[in-house]
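Tertiary structure, described
So the chains spell out like this:
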Amino acid sequence: TRCLYFTQKSTSTLLLVAKYVNQDQSWDKLSKVKTETSGFTLAKAIACAVEFDNQHCGIYAGDWDSYKVFADVFDPLIQEYHGIAADAVHTSDMDVGKIQGNIDPTAPVHSTRIRVGRSIDGFGLSPGITKEQRVGVEKLMSKAFANLTGDLAGTYYPLTGMNEQVRQQLVDDHFLFVSGDPNLKVAGMERDWPEGRGIFHNKDKTFLTWVNEEDQLRIISMQSGGDVRGVFDRLARGIKAVGDSVKAESGKDFMLDAKYGYVHSCPTNLGTGMRASVHVDLPGYTEGGS
């Protein structure tokens, strides 16, 4: 199978992967290679870039191996996107004591949310993970969640067999993730839906983890108001507690690359994998329909 050069459908001039996949070099060299963990290929990695014309990055990893086996493509793309040098080294600091200040309490902030992605070593990432591996991640996490204590303790809700009352409550709480995203489908992340997927949240609904969505784990801390420091504190404690519990149950660690940080399916999330957001009330912003 020949590389489509992203010309049949994708015409974006911003498509990063098109700069680094070409027939004379990377495609001929790597197109027949498969990764060991999940049998992932370069064709699968660039499927979204071939299918859609609205991509910027245009590539996903199917396992940690992908970043190594297809390094000729991933390395320069990652370095350009993140603006890092070839010899960069990742640093991570989750010390909440270093956070200075907070959101002005008079600001019209309804809620604050911070999340990270994490992946467990030995399993594929969502685009390439096998059915057996995905179920294995869920089984491991259901045990790991049961070990959480204090304000982090809660309940895991698998999507498979979820009763309507639970489903509706998760919808009402805006916690439930659903199928249907075109990018996730083409990238292979919705295979065998909904098996092996689910949602954990604590009793106060301020600490959540999505299992086997775009990443193996999306760990989320959130609450009403603008207390960023409090939200980050819970997140940092939660990440450590989940990681420690996974280690105790399986002996496995989160995937952590010395150069690129915490490993995710999308190279744009490499590093901390963190995203912070607030919901803000802007009165009059749409007044008059503008």
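Scope of this entry: the structure provided in the associated data block. (Residues numbered from 1 in each chain as written. Predicted model: local features only at pLDDT ≥ 70, side-chain atom pairs only at ≥ 80, totals over all residues. Heavy atoms only, no water.)

**Things to note about the pattern of salt bridges**
The tally for this structure, following the rule as stated, stands at 13 salt bridges. The salt bridge partner of Glu 164 is Arg 167, with a shortest N-O separation of 2.9 Å. Of this pair, Glu 164 and Arg 167 both sit in helix H8 (residues 164-172), separated by 3 residues, roughly a single helical turn. When the shortest N-O distance is used, the salt bridge between Asp 244 and Lys 240 registers 2.7 Å. (Salt bridge = Lys/Arg side-chain N within 4 Å of Asp/Glu carboxyl O. Helix = DSSP H or I, 4+ residues; strand = E, 2+ residues; numbered from the N terminus.)

**Some details on the side chain of Thr 209**
Within the element layout of this structure, Thr 209 appears in strand E4 (residues 207-211). Thr 209 gets classed as buried once you look at its relative accessible area, which sits at 0%. If we ignore the near neighbours within four places in the chain, the residues touching Thr 209 are Phe 145, Gly 198, Ile 199, Phe 200, Leu 217, Arg 218 and Ile 219. (Buried < 20%, exposed > 50% of the residue type's maximum accessible area, 1.4 Å probe, protein only. Contact = heavy atoms within 4.5 Å.)

**Section: the environment of Tyr 260**
Mapped onto the secondary structure, Tyr 260 falls in the loop between strand E6 (256-257) and strand E7 (261-262). Overall, Tyr 260 belongs to the buried group, its relative accessible area being 9%. Remark: the alpha-carbon pair of Tyr 260 and Val 89, spanning 171 residues in sequence, is separated by 7.0 Å. Within the structure, the side chain of Tyr 260 is placed 2.8 Å from the side chain of Asp 75, a separation counted as a polar contact. (Polar contact = N/O pair within 3.5 Å; in protein donor to acceptor, adjacent residues only side chain to side chain.)

**Focus: unusual backbone geometry**
Pro 194 follows Trp 193 through a cis peptide bond whose omega is 0°. Examined against the element boundaries, Pro 194 turns out to sit in the loop between helix H9 (182-186) and strand E3 (198-202). Notably, His 174 is not glycine yet its phi reads approximately 65°, a positive angle. Structurally, His 174 is set in the loop between H8 and H9. Its relative accessible area of 73% is what places His 174 among the exposed residues. Of note, Lys 205 is a non-glycine position whose phi angle comes to about 60°, a positive value. Inspection of the secondary structure assignment puts Lys 205 in the loop between E3 and E4.

**Some remarks on the packing of helix H7 (residues 131-146) against helix H10 (residues 228-250)**
At a closest axis distance of 9 Å, the pairing of H7 and H10 adopts a crossing angle of 115°. Classified by chirality, the crossing of H10 by H7 is right-handed. Between H7 and H10, the contacting residues are Leu 140, Met 141, Lys 143 and Ala 144 on the first element and Val 242, Ser 245, Val 246, Glu 249 and Ser 250 on the second. Of the residues belonging to the contact of H7 with H10, the class tally is 5 nonpolar, 2 polar and 2 charged. (Axes fitted to C-alpha atoms, helices over the stretch in contact; angles between N-to-C directions. Left-handed = near helix turned anticlockwise from the far one by under 90°. Nonpolar A, V, L, I, M, F, W, Y, C, P; charged D, E, K, R; others polar.)

**Concerning the state of the cysteines**
As enumerated under the stated definition, the model contains 0 disulfides in all. Distance from the sulfur of Cys 48, which forms no disulfide, to the nearest cysteine sulfur (Cys 266) is 9.4 Å. Its relative accessible area of 1% is what places Cys 48 among the buried residues. (Disulfide = S-S within 2.5 Å.)

**Examining empty space enclosed by the protein**
One pass over the full model with this rule turns up 1 cavity of 30 Å³ or more. Within this model, the largest cavity holds a volume of roughly 50 Å³. Lining the largest cavity are Val 178, Leu 184, Met 189, Glu 190, Trp 193, Arg 197, Asn 212 and Glu 213. For the lining of the largest cavity, the per-class residue count stands at 4 nonpolar, 1 polar and 3 charged. (1 Å grid on protein atoms, 1.4 Å probe; cavity = no way out; pocket = protein on both sides within 12 Å on 5 of 7 lines; lining within 4 Å. Points joined across faces, edges and corners; volume = space filled by probe spheres on them.)

**With respect to the packing of aromatic side chains**
Evaluation of the coordinates by the stated rule reveals 6 aromatic pairs. On the numbers, 4.4 Å between centres and 10° between planes, the contact of Phe 145 with Phe 200 is stacked. Of the two residues, Phe 145 sits in helix H7 while Phe 200 sits in strand E3, which places them 55 residues apart along the sequence. Side by side, Phe 145 and Phe 200 carry an identical accessibility label, which is buried. Ring centres of Phe 200 and Phe 207 lie 6.3 Å apart, and the angle between their planes is 75°; on these two criteria the pair is classed as edge-to-face. Classification of Phe 200 as buried rests on a relative accessible area of 0%. A relative accessible area of 0% places Phe 207 in the buried class. Through pairs of rings, three or more aromatic residues link up here, namely Phe 145, Tyr 156, Phe 200 and Phe 207. For the cation-ring pair, Lys 68 lies above Trp 64, with the distance from its terminal atom to the ring centre recorded as 4.3 Å. Over the face of the ring belonging to Phe 123 we find Lys 252, whose NZ or CZ atom lies 5.4 Å from the ring centre. (Phe/Tyr/Trp six-rings, centres within 6.5 Å; stacked < 30°, edge-to-face > 60°. Lys NZ or Arg CZ within 6 Å of the ring centre and 35° of its normal.)

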